[in-house]
Amino acid sequence: MDSLSYSSVKSMLIQARGSLNSRLSEFEPLALLVAPLVTLFLAQVIGSVLGVVHEKGLKACLLGFIMGFLKMIPGVQSYIDAEKQKVVDQLQSGGSSKKNNWAKELPVKGLGVQVLEKMETEKRNDPNWQGKCSGTVYIGGNESEGHFTLINQACSMFAHTNPLHIDVFQSVVRFESEVVAMTAALLGSKETVSGEQICGNMTSGGTESIVLAVKSSRDYMKYKKGIKRPEMIIPESGHSAYDKAAQYFNIKLWRVPVGKDFRADVKAMRRHINRNTIMVPWFGILELLYIFMIVGSAPGFPHGIIDPIEELGQLALSYGICFHVDLCLGGFVLPFARKLGYQIPAFDFSVQGVTSISIDVHKYGLAPKGTSTVLYRNHEIRKHQFVAVTEWSGGLYVSPTIAGSRPGSLVAGAWAAMMSLGEEGYLENTGKIMEASKRLEEGVRGISELFVVGKPDMTIVAFGSKSLDIFEVNDIMSSKGWHLNALQRPNSIHICVTLQHVPVVDDFLQDLREAVETVKANPGPITGGLAPIYGAAGKMPDRGMVNELLVSFMDSQY
């Protein structure tokens, strides 16, 4: 029986070969050789095109193609470059002329202690920042007294230290460990639901904390699920640090529009996950190929609104992926605001599904600039943050963060800030800034020409206008000495309220009312104002050109 079946199969294969050879004999040998090669080439081209469309989107690709074609027309590229330079010059506002006096080489003879006098002179030329800047400086009072003096002394005491040398600067290593532990305790590390394994490290700022969380999550999910073409999903309001991480680590980033309430749209994020999931009949979801991480903010930088962290946590759990919460702004406010009786939704490791959190100590933690923490739910995830080198002739090497050497002075300053203030100090400060924020929000809502974007949960108040150019209002405020943040989608500006603003809320509102009245009476850009640039940038369909403009501006600054 077996031999009969074998003979039948063999006979069928011989007949099929004969039939195929007969049909192919109608073609020239060269055509038979070239056809597969051409087909393979076309398949690669189509695959590359589809890959670019997948990465950038169809609309962006079409715009890029059209702009690329237009730039090939003689004179168009040079005209665009000239106009771009005009915008850069306007953004600089005389900055290039100031650079003419900058040092280009070492002085032949050192200045000695006189260098301190020179630094004082340069410092006096800086704009007045006290009470005038959105965010920026979070410590209250004058820089020559109070908390400023305390952290300056702490930093000076440890200016020579480097946590890289853990066997030498053991005090700084302890400080870092305690800063991380105290920060984690604010975010649910003592609660059973967190798993009681919360761990982390100090970093140079929120961006490094986010970048490290992305890197660790990517490598953890590669280890757990074999994801080799990583993609992450973030709300449109998510911080630009995720874009940095995506560029650095070759990760596809999907920005999903927020809902009408300006919070992350969980349903829209779920749809993006579904697009990158293989569905196999009879077996259901076979494997999540690309998405390794979703993101939420508490609150988001643009509008001070907390994303639905609990819903996002459930979404992450259901797909078995990582979920990072950006608490860089809210980490040292929300835990205390909740204790003061404010209605704060869940945001920390008590939420199932949260795998990492970034939280800045140098914002509302009132530590020196350059101090943040990145926390993980467990050590298994954090281990993917570290870099260990075994084959270097310089010896065995392992480092926890992006930087090797790190300033121990900043670690000491952060520890001093937290220990000196304690829970009572943070509660008192939180009460002041939350109350000031509510007063400021009510004042803005009282200006009929303005509207507040969404319902702020914390200390950021963003506002726009349906009847005025809000960027012209911003220019008038700038002329009065205020430094606010210009936003887009929708066009608006915001102020991040700190202790510096507590005594000047009424002054801010008075200047804002006057600015609105000025623009109403005299609509149109003011001399030297940036309203036309912000307005045009928001409307330009070719975002690649806006990108080039920003890069050219940054390149001109240093």
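Everything quoted here is computed from the prediction, not taken from an experiment. (Residues numbered from 1 in each chain as written. Predicted model: local features only at pLDDT ≥ 70, side-chain atom pairs only at ≥ 80, totals over all residues. Heavy atoms only, no water.)

**Some thoughts on the pattern of salt bridges**
One pass over the structure, following the stated rule, counts 16 salt bridges. Between E143 and K123 there is a salt bridge, and its shortest N-O distance comes to 2.7 Å. One end of the pair, E143, is in the loop between α6 (114–124) and α7 (146–157); the other, K123, is in helix α6, with 20 residues separating them in the sequence. Relative accessible area serves as the criterion here: at 31%, E143 is assigned to the partly exposed category. You can call K123 partly exposed: its relative accessible area is 42%. In this structure, the salt-bridge partner of K480 is E514, at a minimum N-O distance of 3.0 Å. Here K480 is found in the loop between α16 (470–479) and β14 (485–487), whereas its partner E514 is found in helix α17 (residues 505–521), with 34 residues between them in sequence. Taking relative accessible area as the criterion, K480 reaches 29% and is therefore assigned partly exposed. When salt bridges that share partners are traced, they join K215, R218 and D219 into one network. (Salt bridge = Lys/Arg side-chain N within 4 Å of Asp/Glu carboxyl O. Helix = DSSP H or I, 4+ residues; strand = E, 2+ residues; numbered from the N terminus. Buried < 20%, exposed > 50% of the residue type's maximum accessible area, 1.4 Å probe, protein only.)

**Observations regarding the nonpolar core**
Nonpolar side chains in soluble globular proteins generally cluster together in the buried interior. V214, M232, I294, L327 and Y364 are the most contacted members of the largest nonpolar core, which totals 91 residues. Top element by residues in this core is helix α15 (residues 408–445). It accounts for 8 residues. Other than its neighbours up to four places away in sequence, V214 contacts M232, Y242, A245, F249, I251, F292 and M293. Residues V452, V473, M477 and V497 belong to the second largest nonpolar core, which totals 27 residues. (Core = buried A, V, L, I, M, F, W, Y, C linked by side-chain atoms within 4.5 Å. Contact = heavy atoms within 4.5 Å.)

**Digging into the pairing of strand β8 (residues 356–360)**
Of all 5 residues making up β8, 5 are buried, and the element is well covered by its neighbours. Because side chains alternate across β8, one face comprises the buried residues S356, S358 and D360, and the other comprises I357 and I359, equally buried. Judged from the 3 bridges that link them, strand β7 (residues 322–326) and β8 form a sheet pairing that is parallel. Of the residues in β8, the one forming a bridge with V325 is I357. This β-α-β element, β7 to helix α13 (residues 334–339) to β8, shows right-handed connectivity. Of the pairings in the sheet, the one linking β8 to strand β9 (residues 372–376) comprises 5 bridges and is antiparallel in character. In the sheet register, I359 faces β9, and the bridge partner there is T373. (Pairing = 2+ DSSP bridges. Right-handed = clockwise from strand over helix to strand, strands pointing away.)

**Notes on a nonpolar patch on the surface**
A cluster of nonpolar side chains, contributed by L30, L33, V34, L37, V38, F41, L42, V45 and I46, occupies part of the molecular surface with about 840 Å² of accessible area. With respect to the secondary-structure elements, L30 resides in helix α2 (residues 29–56). For L30, a relative accessible area of 56% gives the class exposed. (Patch = residues over 30% accessible without salt bridge, like charges linked within 9 Å, V, L, I, M, F, W, Y side chains within 5 Å. Areas by Shrake-Rupley, 256 points an atom, 1.4 Å probe, with all protein chains shown as cover.)

**Brief notes about empty space enclosed by the protein**
Here the structure, examined in full by the defined rule, presents 1 cavity of 30 Å³ or more. The volume enclosed by the largest cavity comes to roughly 60 Å³. The wall of the largest cavity is formed by Y138, F332, V333, Y364, L366, Y426, N429, T430, I433 and L499. Here the lining of the largest cavity is built from residues that sort into 8 nonpolar, 2 polar and no charged. (1 Å grid on protein atoms, 1.4 Å probe; cavity = no way out; pocket = protein on both sides within 12 Å on 5 of 7 lines; lining within 4 Å. Points joined across faces, edges and corners; volume = space filled by probe spheres on them. Nonpolar A, V, L, I, M, F, W, Y, C, P; charged D, E, K, R; others polar.)

**Looking at the pairing of strand β13 (residues 460–464)**
The buried count for β13 comes to 5 of 5 residues, which makes it a mostly enclosed element. What you see with β13 is no split at all: I460, A462 and G464 on one side and V461 and F463 on the other are buried throughout. Here 2 bridges tie strand β12 (residues 451–452) to β13, and the two strands are oriented antiparallel to one another. Note on β13: the bridge partner recorded for F451 is G464. Taken together, the 4 bridges between β13 and strand β15 (residues 492–496) define a ladder with antiparallel strand orientation.

**Describing the UniProt feature "transmembrane region" (unreviewed entry) in the protein chain**
Under the UniProt annotation, the feature "transmembrane region" (unreviewed entry) is placed at residues 30–53, 277–296 and 316–337. Summarising residues 316–337: 36% helix, 23% strand, and an end-to-end C-alpha distance of 27 Å. (UniProt positions renumbered as here; feature names shortened; annotations may be inferred.)

**Brief notes about the packing of aromatic side chains**
One pass over the structure, following the stated rule, counts 9 aromatic pairs. Ring geometry for W482 and F508: centres 5.1 Å apart, planes at 85 degrees, overall edge-to-face. With W482 in the loop between α16 and β14 and F508 in helix α17, the pair connects residues that are 26 residues apart, well separated along the chain. For W482, a relative accessible area of 2% corresponds to the buried category. We classify F508 as buried; its relative accessible area is 1%. Against the face of W254 rests K252, its NZ or CZ located 4.5 Å from the ring centre. In this arrangement the basic side chain of K466 is found over the ring face of F451, its NZ or CZ atom lying 6.0 Å from the centre. (Phe/Tyr/Trp six-rings, centres within 6.5 Å; stacked < 30°, edge-to-face > 60°. Lys NZ or Arg CZ within 6 Å of the ring centre and 35° of its normal.)

**Re the sheet that holds β9**
A sheet is described by the order of its strands in space; here 7 strands give the open sequence β1-β9-β8-β7-β6-β2-β3, paired in mixed fashion. Only two strands of the sheet have a single neighbouring strand rather than two, namely β1 (199–203) and β3 (252–256). Strand-to-strand twist in this sheet, taken as the mean axis angle between neighbours without regard to direction, amounts to 20 degrees. Looking at chain direction, strand β2 (residues 231–235) and β3 are connected through 5 bridges and run parallel. Within the sheet, the bridge partner assigned to M232 lies in β3 and is L253. Contacting β2, β3, β6 (291–297) and β7, helix α10 (residues 241–249) runs over the sheet at an angle of about 155 degrees to β3. Sheet strands in contact with helix α12 (residues 309–319) are β6 and β7, and its direction is about 175 degrees off that of β6. (Axes fitted to C-alpha atoms, helices over the stretch in contact; angles between N-to-C directions.)

**What to know about the side chain of D307**
Among the secondary structure elements, D307 is positioned in the loop between β6 and α12. For the buried D307, which has no salt bridge, the nearest side chain bearing the opposite charge is R263, at an N-O separation of 6.0 Å. Engagement of the side chain of D307 in a polar contact is seen with the backbone nitrogen of A264, the distance being 2.8 Å. Aside from chain neighbours lying at most four places away, what touches D307 is P235, S237, R263, A264, G296, S297 and L312. (Lys, Arg positive; Asp, Glu negative; His and termini not counted. Polar contact = N/O pair within 3.5 Å; in protein donor to acceptor, adjacent residues only side chain to side chain.)

**Focus: the confidence of the model for the protein chain**
This prediction gives the protein chain a mean pLDDT of 87; 86% of its residues lie at or above 70. Here residues 277–288 scores under 50 on pLDDT; set against residues more than four positions off or in separate chains, the count is 19 contacts. (pLDDT = per-residue confidence, 0-100.)

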